[in-house]
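Per-entry structural report
Chain residues, written in single-letter form:
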Amino acid sequence: MGTDSLNPRALSAQARGRAAPAGSQAGIGLRAQHHREILQRRPPVGWLEVHSENYFAQGGPQRDILLDIREHYALSLHGVGLSLGSTDPLDRTHLRELSRLIRDFEPMSVSEHLSWSSAGGRFLNDLLPLPYTEEALAHLVARVRAVQETLTRRILVENVSSYLQFNSSTLTEWDFIAALARESGCGILLDVNNIYVSAMNHGFDPHTYLNAIPRESVQEIHLAGHTVNRVGSREIRIDTHGSQVSEPVWALYRAALRRFGHVPTLIEWDTDIPPLEVLVAEAAKADLVVEACRAVAA
Amino acid sequence: MLSLRELQLSFTTAVLDGSNAAISPWIRDEGLSPSARVNIYRNNLHEGFLKALALGFPVIQCLVGEDYFRQLGRLFLTEHPSRAGNLHHIGSPFAGFLRDQFAATPYSYLPDVAELEWAYQECLIAADALPLDPTPLQSVPPERLADLRFDVHPACRLVSSEFPIMRIWRVNQEDRDGTEIIDLRQGADHVLLRRNDDAVELHRLPAAAFTLLRSLSRRATLGDALEIAQAVASDFDLAQTLRHFVELGVFTAVHTT
């Protein structure tokens with residue numbers, strides 16, 4: 001046992017924390033700026049998602065306040081640093097930290113990205129695209145299995161935005177992630193904004209992507225804002241998580257709901273973080289889209 | 001065809017070392033040159049790295065200004081790229097890097113301020129532990145006192161400088177207006193950082209008390225630590241100093257052997 005067993009709040013969170021999202025409400029990404037306000041105001045959002053690495057602490061106030069928050073909200077752990085697709089060995093220290101977080105916070109889901117961020121021990125700390133080859137697929141399947149065995153739970157793997165494609169790719173990204181889910185048993189965290197961004201950057205139909213994803217594998221949906229940048233004579237969309245969800249992404253979200261049913265949805269916003277009520281309003285907007293889709297279906 | 005490993009090594013080298021030539025043939029053009037595409041990722045790397053560095057070293061950024069901080073940060077990145085998936089760790093070699101940059105210049109206080117800021121960051125995420133209950137200390141026979149060894153709280157750090165780094169740190173906090181002037185010749189600051197429940201507190205210690213605590217944190221016996229402290233200040237008051245440390249929750253345990 002670590003020294004954190006001294007912290008009485010670790011136990012109470014496990015005893016009383018909520019295990020599942022409330023009703024049909026969308027969740028929001030939780031960033032440190034909003035910690036205290038969340039506790040004071042307890043806004044009506046379905047659940048909260050944090051970046052796992054932000055809480056890789058032995059102790060201290062950040063962890064403590066998240067334990068307090070956990071008593072009132074279900075939580076998901078979203079990793080950005082495991083470098084799942086890297087050919088470097090899996091970082092066992094990183095996995096140990098993640099295991100500790102899972103033990104202390106009992107998250108409703110644990111997710112990572114279909115990407116890599118390091119080679120030869122040097123980290124770019126970014127979500128870098130993979131070449132979609134049989135070799136890469138076999139590697140990812142083995143890595144996801146190893147992570148799931150270490151954590152003794154299923155993880156969700158999220159598609160990323162990309163600004164380039166490797167010419168060695170022999171598979172499409174959608175066939176790649178679908179095969180990964182099938183062969184490793186992982187779930188898919190479908191980032192609808194990322195599908196749209198990559199579709200625009202690489203010129204494919206985002207609905208082709210959605211339609212290739214096995215219905216039962218999608219366990220969570222992400223929505224976020226992106227920016228349109230001009231590079232030379234080309235427009236490139238960059239996944240910035242710094243603005244409201246764009247109209248075409250809302251439209252694609254409706255298509256995703258029709259295909260995958262009502263999957264827990266999260267609003268991500270990591271840069272130029274707005275006041276909490278703006279995030280809560282985005283989540284409420286997602287709830288309205290879900291209701292409208294249900295009404296049409298009924 | 002490159003293997004996945006070769007591709008990743010080549011891409012990482014391109015982005016970090018600034019040369020796109022080797023990786024470009026492996027990237028599709030699609031109306032935008034492979035090189036321009038790699039540049040997007042290099043830009044992401046720089047922005048993410050500099051943002052994380054600024055979060056860890058706000059006082060250094062304040063002292064040198066944002067533009068020069070970015071310049072320093074980019075140079076730092078080429079010498080000390082991130083070695084972990086958690087960006088928090090990038091700050092660890094920053095004080096040493098600044099020491100190499102500014103040795104024997106009028107800015108040689110900067111590395112010491114950076115050391116203080118890194119100690120602050122370490123304190124924030126260090127383990128929780130219960131402070132020492134001093135009661136049993138009172139029953140230690142006087143002849144055994146010199147043999148005592150102390151465990152220092154995991155959320156404590158010690159930083160010492162010939163410059164007034166704690167005063168520099170204070171006047172560069174967000175709640176200050178930035179008009180206060182610190183004379184670098186004001187003399188040394190010996191700083192104890194200790195995280196309590198919510199925040200990291202900085203305590204400026206007399207030189208002898210700082211020396212005592214540093215010796216104890218390196219597992220010296222109280223007798224040996226006292227001797228070194230008395231060499232710093234012959235009138236050193238051990239009882240008062242220990243009381244102060246116990247009150248601050250600096251120790252977690254005491255060992256009599």
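The coordinates are above.
Report on the accompanying structure. (Residues numbered from 1 in each chain as written. Chains lettered and ligands numbered in written order. Predicted model: local features only at pLDDT ≥ 70, side-chain atom pairs only at ≥ 80, totals over all residues. Heavy atoms only, no water.)

With that settled, the discussion passes to the overall build of chain B. Of regular secondary structure, chain B possesses ten helices and five strands. By the compact-globule yardstick of 18 Å for 257 residues, chain B is too spread out, its C-alpha radius of gyration being 24 Å. The dimensions of chain B, computed from C-alpha atoms along their principal axes, are 80 × 45 × 35 Å. For chain B, the proportion of its 257 residues judged to be buried stands at 44%. The contacts of chain B with a sequence gap of at least 6 include a subset with a gap of at least 24, amounting to 66%. Entry remark: accessible area of chain B is about 12,600 Å², with carbon and sulfur atoms responsible for 51%. Computed over 23 positive and 33 negative side-chain charges, the inter-centroid distance for chain B is 4 Å. (Helix = DSSP H or I, 4+ residues; strand = E, 2+ residues; numbered from the N terminus. Rg over C-alpha atoms; globule rule 2.2 N^0.38 Å. Buried < 20%, exposed > 50% of the residue type's maximum accessible area, 1.4 Å probe, protein only. Contact = heavy atoms within 4.5 Å. Areas by Shrake-Rupley, 256 points an atom, 1.4 Å probe, with all protein chains shown as cover. Lys, Arg positive; Asp, Glu negative; His and termini not counted. Charge placed at Lys NZ, Arg CZ, Asp CG, Glu CD.)

Attention now goes to the packing of helix 3 (residues 61–70) of chain A against helix 4 (residues 92–105) of chain A. Residues and elements named next belong to chain A. Contact pair helix 3 / helix 4: the axes reach a minimum separation of 11 Å and the direction vectors enclose 40 degrees. Here helix 3 lies oblique to helix 4, going by the angle between them. Of the residues in helix 4, those in contact with R63, L66, L67 and R70 of helix 3 are R100, L101, D104 and F105. A class-by-class count of the residues in the contact of helix 3 with helix 4 yields four nonpolar, no polar and four charged. (Axes fitted to C-alpha atoms, helices over the stretch in contact; angles between N-to-C directions. Parallel < 35°, antiparallel > 145°, perpendicular 65-115°, else oblique. Nonpolar A, V, L, I, M, F, W, Y, C, P; charged D, E, K, R; others polar.)

Residues and elements named next belong to chain B. Taken as a whole, this structure holds 21 aromatic pairs over all chains when the rule is applied. On the basis of an interplanar angle of 75 degrees and a centroid distance of 5.8 Å, the ring pair of F11 and Y41 is categorised as edge-to-face. On the criterion of sequence distance, the pair formed by F11 in helix 1 (residues 4–17) and Y41 in helix 2 (residues 34–56) is long-range, its members being 30 residues apart. You can call F11 buried: its relative accessible area is 0%. Taken together, F49, F57, F69, F76, F94, F97 and W118 form an aromatic cluster joined through their ring pairs. (Phe/Tyr/Trp six-rings, centres within 6.5 Å; stacked < 30°, edge-to-face > 60°.)

With that settled, the discussion passes to the nonpolar core. Among the nonpolar cores identified, the biggest contains 136 residues, and L190 and Y253 of chain A together with F11 and F94 of chain B are the most heavily contacted of them. Here Y253 of chain A is in contact with V192, I221, L223, T265, A286, V289 and V290 of chain A, once residues within four sequence places are set aside. C156, A208, F236 and L242 of chain B belong to the second-largest nonpolar core, a separate cluster that totals 24 residues. (Core = buried A, V, L, I, M, F, W, Y, C linked by side-chain atoms within 4.5 Å.)

Moving on, we come to the sheet that holds strand 9 (residues 218–224) of chain A. Residues and elements named next belong to chain A. Strand order around the closed barrel formed by eight strands is 1-2-3-4-7-8-9-12, with parallel pairing between neighbours. When strand polarity is set aside, the average angle formed by the axes of neighbouring strands in this sheet is 25 degrees. Sheet topology note: the strand 2 (residues 47–51)/strand 3 (residues 74–78) ladder contains five bridges and is parallel. By the bridge assignment, L48 is partnered in strand 3 with L75. This element, helix 7 (residues 192–202), spans strand 7 (156–158), strand 8 (187–191) and strand 9 of the sheet and lies at about 65 degrees to strand 8. (Pairing = 2+ DSSP bridges.)

Residues three or four positions apart in an α-helix share a direction because the helix packs 3.6 residues into each turn. Over its 18 residues, helix 5 (residues 134–151) of chain A extends 26 Å from the first C-alpha to the last, a length consistent with the 26 Å expected when each residue adds 1.5 Å. Every buried residue of helix 5 of chain A is listed here: A136, L137, L140, V141, R143, V144, V147, Q148 and L151 of chain A. Where helix 5 of chain A is buried, its residues meet helix 4, strand 4 (109–113), strand 7 and helix 6 (173–184) of chain A together with helix 1 of chain B. (Expected span 1.5 Å × (residues − 1).)

The next subject is the environment of I195 of chain A. Looking at the secondary structure, you find I195 of chain A in helix 7. Once the C-alpha coordinates of I195 of chain A and T170 of chain A are considered, the two residues, 25 residues apart in sequence, prove to be 19 Å apart.

Taken together, the contact pairs 52 residues of chain A with 44 residues of chain B. Together, the buried faces of chain A and chain B total about 4,200 Å²; carbon and sulfur atoms form 57% of this surface. It is R122, L124 and N167 of chain A in chain A that bury the most area against chain B; as a group they hold 16% of the surface buried on that side. The tally of links from chain A across to chain B stands at two salt bridges. (Buried area = accessible area lost by both parts, 1.4 Å probe. Salt bridge = Lys/Arg side-chain N within 4 Å of Asp/Glu carboxyl O.)

Residue and element names in this part refer to chain A. In this structure, E106 is a non-glycine residue whose phi angle is positive, near 40 degrees. Along the chain, E106 turns up in the loop between helix 4 and strand 4. Within the chain, T152 stands out as a residue other than glycine whose phi angle is a positive 50 degrees. Note on placement: T152 falls in the loop between helix 5 and strand 7. Owing to a relative accessible area of 69%, T152 belongs among the exposed residues under this scheme.

Attention now moves to the sheet that holds strand 4 (residues 200–204) of chain B. Residues and elements named next belong to chain B. If you trace the three strands from one edge of the open sheet to the other, you get 2-3-4, paired in antiparallel fashion. Each edge of the sheet is formed by a strand with only one pairing partner; in this case those strands are strand 2 (156–161) and strand 4. Neighbour to neighbour, the strand axes of the sheet diverge by 20 degrees on average, direction disregarded. By the bridge criterion, six bridges tie strand 2 to strand 3 (residues 189–195) in an arrangement that is antiparallel. Within strand 3, the residue paired with S161 across the bridge is D189. The sheet strands contacting helix 8 (residues 207–217) are strand 2 and strand 3, and the helix crosses strand 2 at an angle near 130 degrees.

Residues and elements named next belong to chain A. Of all five residues making up strand 8, five are buried, and the element is well covered by its neighbours. Neither face of strand 8 is left uncovered, since the one carrying G187, L189 and D191 and the one carrying I188 and L190 both have all their residues buried. Across three bridges, the pairing between strand 7 and strand 8 is parallel. The partner of E158 across the bridge, within strand 8, is L189. Once you follow strand 7 into helix 6 and on to strand 8, the crossover reads as right-handed. Summarising the sheet, strand 8 and strand 9 pair through four bridges and their orientation is parallel. Bridge pairing in strand 9 places L189 opposite E220. (Right-handed = clockwise from strand over helix to strand, strands pointing away.)

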